[in-house]
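Fold and geometry: a report
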Amino acid sequence: MRRKVTKAIFPVAGMGTRFLPATKAVPKEIMTLVDRPLIQYAIDEARAAGIREFIFVTSRGKSALEDYFDHAPELESALRKKGKTELLEVLKDTNMDSGAIAYIRQHKALGLGHAVWCARRLIGDEPFAVILPDDVIAAEKPCLQQMVEAYQETGGNMVAAMEVPPEKASSYGLLDVEEEMGSLVRVRGMVEKPKPEDAPSNLAVIGRYILTPKIMNNLNKMKSGAGGEIQLTDAIAQEIGGADGVYGLRFRGQRFDCGSKAGFLQATVSFGMSRPDLRDEFTSYLHEIVCTQKAAQ
Ligand code: G1P
C-alpha cells in the first residue's frame, strides 16, 4: 500500500493582474463562479480526494483568503436567529478544522516552483498534491481523486494532462510521451512554455500534481527556467528516468482556464447552466440573446 496523499499546496501568491482592477482589492482566488469563490472549488476537490491538510502559499494583499476560511460567529448567529439553516449549511464548506490550514508567505514572486518550495517544511517526507485554483475542472469524479486512484497503481510523480489547441501549447508545460497506458502516459520529457518549434506535443500539464518529496530537494538547487522563473515543471522533469518516474493522467472532465477572462466567463456560463436553482431562467436567457444576435446578423 502506498503512503496516502493527505497534504495539498495551493499556490495563491499571484497578483492576478489579468483581472485588474478587480484584483486591486480582491484576491483573484476569491472571485466567484456564480456564488462560490475559485478557491472553494479547489478545496472541495482536494477534500474529495482525501486531503486533510491545506497549505496556502500567499503574498501581501491576500488576507481575504484567511478570513474566508475562518469561522464567522456574528454571521452564523444572525443566520441561526433568522432560521436560515440552508445558508448555514452553505457556510459549513468554508470552515476548516483547527490546524488543518496553514499559510506561508512567498516573499518574492520567483515562480511556481519557488512557491511550492516555500511549503517544504510543512510537507516533510510525504507525497503531496499541488492544486492551481486557476484551473477549474468540472468532473463527475473530481480530477484529483482520479489522480489519487491512478497514483495507487503507479506511485511516482503524476500531473494532470490534456490536449490543448496547438496554437496555445506554448502557454503550458508540455509532455513528451514515452508510452501510452490507457488514460495514463509515461513521460520521457517535459518542458515549460517552449517555443512552438520546440514543443514536444500539445499534451499540456493542467494544474493538478501529485509529487514525491524529492521534488522539494530538486527545488532546493533550482535555477531559473522559462520566463526567468523557478519552474515546477523543471523540478519534476529531473525525476524522469529515476526510480519514481513521471506520469500524466488524461483526466475525465472539463477544464476551464479561469486565469483568463474568456475561460472565466465560459466557466461562469457553464456552472450557471448546471445549477438547479438557476438552470431554467439562465438557459432561456442565453437562448434568447443568441437568437436575437443571430437574427440581427
Ligand atoms: C502553470 C504551469 C504550467 C501548466 C499551467 C496549467 O503555468 O507552470 O506548466 O501547464 O500552469 O495551467 P501558468 O499558467 O501559471 O503560467
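Just above sits the structure.
Below is a short write-up of the structure. Please read these numbers as outputs of a predicted model, since none were measured by experiment.

**Looking at the pattern of salt bridges**
- Tallied over the entire structure, the rule returns 19 salt bridges.
- The residue Arg36 makes a salt bridge to Asp44 at a minimum N-O spacing of 2.4 Å.
- A relative accessible area of 22% places Arg36 in the partly exposed class.
- Given the relative accessible area of 25%, Asp44 is considered partly exposed.
- Lys193 is the partner of Glu192 in a salt bridge, and the nearest nitrogen-oxygen pair spans 2.7 Å.
- The exposure class assigned to Lys193 is partly exposed, which follows from its relative accessible area of 44%.
- Several salt bridges share partner residues, and in doing so they unite Arg3, Lys7 and Glu126 into one network.

**Describing the pairing of strand S6 (residues 128-131)**
- Here S6 shows no split at all, with Phe128 and Val130 on one side and Ala129 and Ile131 on the other all buried.
- Sheet analysis places strand S1 (residues 7-11) next to S6, joined by 2 bridges and oriented parallel. Bridge assignment links Ile9 to a residue of S6, and that residue is Val130.
- In this sheet, strand S11 (residues 203-211) lies alongside S6 in antiparallel orientation, the contact comprising 4 bridges.

**Observations concerning unusual backbone geometry**
- Omega for the peptide link from Leu20 to Pro21 comes to 5°, which places this bond in the cis form.
- Tracing the backbone shows Pro21 in the loop between S1 and helix H1 (22-25).
- Phi at Val34 takes a positive value of approximately 60°, unusual for a residue other than glycine.
- Its location among the elements puts Val34 in the loop between strand S2 (32-33) and strand S3 (36-37).

**Focus: the site of the ligand**
- Taken together, 13 residues lie near the ligand, and Asp135, Gly173, Glu192, Lys193 and Val205 sit nearest.
- Separating an oxygen atom of the ligand from a side-chain N or O atom of Glu192 is a distance of 2.6 Å.
- In this structure, Val205 approaches the ligand through a main-chain N or O atom, which is 2.6 Å from an oxygen atom.
- A per-element tally of the shell around the ligand places S11 first, with 3 residues.
- Split by residue class, the shell around the ligand holds 5 nonpolar, 4 polar and 4 charged.

What counts and how
Residues numbered from 1 in each chain as written. Predicted model: local features only at pLDDT ≥ 70, side-chain atom pairs only at ≥ 80, totals over all residues. Heavy atoms only, no water. Salt bridge = Lys/Arg side-chain N within 4 Å of Asp/Glu carboxyl O. Buried < 20%, exposed > 50% of the residue type's maximum accessible area, 1.4 Å probe, protein only. Helix = DSSP H or I, 4+ residues; strand = E, 2+ residues; numbered from the N terminus. Pairing = 2+ DSSP bridges. Near = heavy atom within 4 Å. Polar contact = N/O pair within 3.5 Å; in protein donor to acceptor, adjacent residues only side chain to side chain. Nonpolar A, V, L, I, M, F, W, Y, C, P; charged D, E, K, R; others polar.

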